[in-house]
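Residues per chain, in single letters:
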Amino acid sequence: KAGVTQTPRYLIKTRGQQVTLSCSPISGHRSVSWYQQTPGQGLQFLFEYFSETQRNKGNFPGRFSGRQFSNSRSEMNVSTLELGDSALYLCASSPSTGTGTDEQYFGPGTRLTVT
Amino acid sequence: GQQVMQIPQYQHVQEGEDFTTYCNSSTTLSNIQWYKQRPGGHPVFLIQLVKSGEVKKQKRLTFQFGEAKKNSSLHITATQTTDVGTYFCAGAGAGSYQLTFGKGTKLSVIP
C-alpha cells in the first residue's frame, strides 16, 4: 500500500497570508490527524477527523482549521500567518476502529516557513 | 489537560551500551504508543501497549507499560548506530481520539 502523502513538501509564506496543506491517507484509513512539530514544543496535536467529522481539536487558535473529504483526504488551513507558525506540519492516518486511538502512520510532512 | 513527560531529553551512548527512556502521564492511559523519528524523517510507529504491566519485545527493544497505566519505558540493549534518532512516547486517554506526545528522547550513538 502506498504511504501517507502530503503536499506541498516545502512552503514559504509571508506574515498575514494564508496557507492550505493537503494530506492523502493510506487507502482504507478513515482517520486523519494533524500535528505541528517544532524544536521547542515537540509534536502538538491540532485536530483529528473521521468520516468527515472533526472528533477532537487541540489547543490552537481558530486560525487553524481543517476538513476531511468523503474519500478521507484532508486539508488544513492556517489563516493570517504569524512567524511562530513556522514548523513541520505532519499528517497521520490511522485505521481507527472507532474504539480509541490506533497506531498513526505519518506522512513526510510539510515544512512551512513564515517570513 | 493530559500531559506526557519524557526523560531524558538527550542521551549519548557508546555503541554497545544500553539505553532507556521513560515516559510518565498525568492521567491514566488506555494505551501507550512508541515512535521513532530519524533525523530529517517523520515519526514511525514502533509498538502499542494496552494492558497493565504489559511487556513486549522487538529484537533488542523492550517496551513496558506500568501497572497503573500511567508510565512506560523503552529499553534498547547493546545500541547500534542504526538506533540513532528521537524516540517518542504517545498516550491516549479512554475514549479519546487524541494522542498526546512526549517531547522525545534524542539518542546519539558514538561508534
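Residues numbered from 1 in each chain as written. Chains lettered and ligands numbered in written order. Predicted model: local features only at pLDDT ≥ 70, side-chain atom pairs only at ≥ 80, totals over all residues. Heavy atoms only, no water.

Chemist: How would you sum up unusual backbone geometry? Please name residues and give values.
Modeler: Residues and elements named next belong to chain A. Backbone torsion omega between threonine 7 and proline 8 reads -10 degrees, so that peptide bond is classified as cis. For proline 8, the location among the structural elements is in the loop between strand E1 (5-7) and strand E2 (10-13). One non-glycine residue, glutamate 52, lies in positive phi territory at about 70 degrees. Along the polypeptide, glutamate 52 turns up in the loop between strand E5 (42-50) and strand E6 (53-57). When its relative accessible area of 48% is taken as the criterion, glutamate 52 is described as partly exposed. At serine 72, a residue that is not glycine, the phi angle is positive and equals roughly 75 degrees. Relative to the assigned elements, serine 72 resides in the loop between strand E7 (64-68) and strand E8 (74-78). Serine 72 sits in the buried class, given a relative accessible area of 12%. (Helix = DSSP H or I, 4+ residues; strand = E, 2+ residues; numbered from the N terminus. Buried < 20%, exposed > 50% of the residue type's maximum accessible area, 1.4 Å probe, protein only.)

Chemist: Tell me what's going on with the state of the cysteines, and back it up with residues and numbers.
Modeler: All names here are of chain B. As enumerated under the stated definition, the model contains 2 disulfides over all chains in all. What pairs with cysteine 23 in a disulfide is cysteine 89, and their sulfur atoms sit 2.0 Å apart. Taking the sign of the S-S torsion, 75 degrees for the link of cysteine 23 and cysteine 89, the bridge is right-handed. Placement of the pair is cysteine 23 in strand E3 (residues 19-25) and cysteine 89 in strand E9 (residues 85-92), with a sequence separation of 66 residues. Judged on exposure class, the residue cysteine 23 and its partner cysteine 89 are both buried. (Disulfide = S-S within 2.5 Å.)

Chemist: Describe the nonpolar core, and please don't skip the residues or the numbers.
Modeler: Of all hydrophobic cores here, the largest spans 21 residues; its most connected members are Trp34(A), Leu46(A), Phe64(A), Met76(A) and Tyr89(A). Put simply, the parts of the chain that give this core at least two residues each are strand E3 (19-24), strand E4 (31-38), E5, E8, strand E9 (87-94) and strand E11 (110-114) of chain A. The next biggest cluster of nonpolar side chains, apart from the first, holds 19 residues, and it includes Leu29(B), Ile32(B), Leu49(B) and Leu74(B). (Core = buried A, V, L, I, M, F, W, Y, C linked by side-chain atoms within 4.5 Å.)

Chemist: Can you lay out the pattern of salt bridges for me, pointing to particular residues and giving the numbers?
Modeler: Side chains that differ in charge, positive against negative, can pair when their charged atoms come close. All names here are of chain A. Counted according to the given criterion, the structure contains 7 salt bridges over all chains. Two residues, glutamate 48 and arginine 55, come together in a salt bridge whose shortest N-O distance is 2.7 Å. The partner of arginine 73 in a salt bridge is glutamate 75, with the nearest N and O atoms 3.4 Å apart. For glutamate 75, a relative accessible area of 16% gives the class buried. Each of Arg63, Glu82 and Asp85 takes part in a single network of salt bridges with overlapping partners. (Salt bridge = Lys/Arg side-chain N within 4 Å of Asp/Glu carboxyl O.)

Chemist: So what's going on with the interface of chain A and chain B? Which residues, and what values?
Modeler: Facing 20 residues of chain A, the contacting portion of chain B comprises 16 residues. Buried surface at the junction of chain A and chain B, summed over both partners, amounts to about 1600 Å²; 55% is from carbon and sulfur atoms. On the surface where chain A and chain B come into contact, there are 0 salt bridges. One can count 4 residue pairs in polar contact (both at pLDDT 80 or more) joining chain A with chain B. Among the secondary structure elements, those contributing two or more residues to the side of chain A that touches chain B are E4, E5 and E6 of chain A. Of the residues contributing to the side of chain A that touches chain B, the split by class is 6 nonpolar, 9 polar and 5 charged. (Contact = heavy atoms within 4.5 Å. Buried area = accessible area lost by both parts, 1.4 Å probe. Polar contact = N/O pair within 3.5 Å; in protein donor to acceptor, adjacent residues only side chain to side chain. Nonpolar A, V, L, I, M, F, W, Y, C, P; charged D, E, K, R; others polar.)

Taken by themselves, the reported measurements are silent on function.
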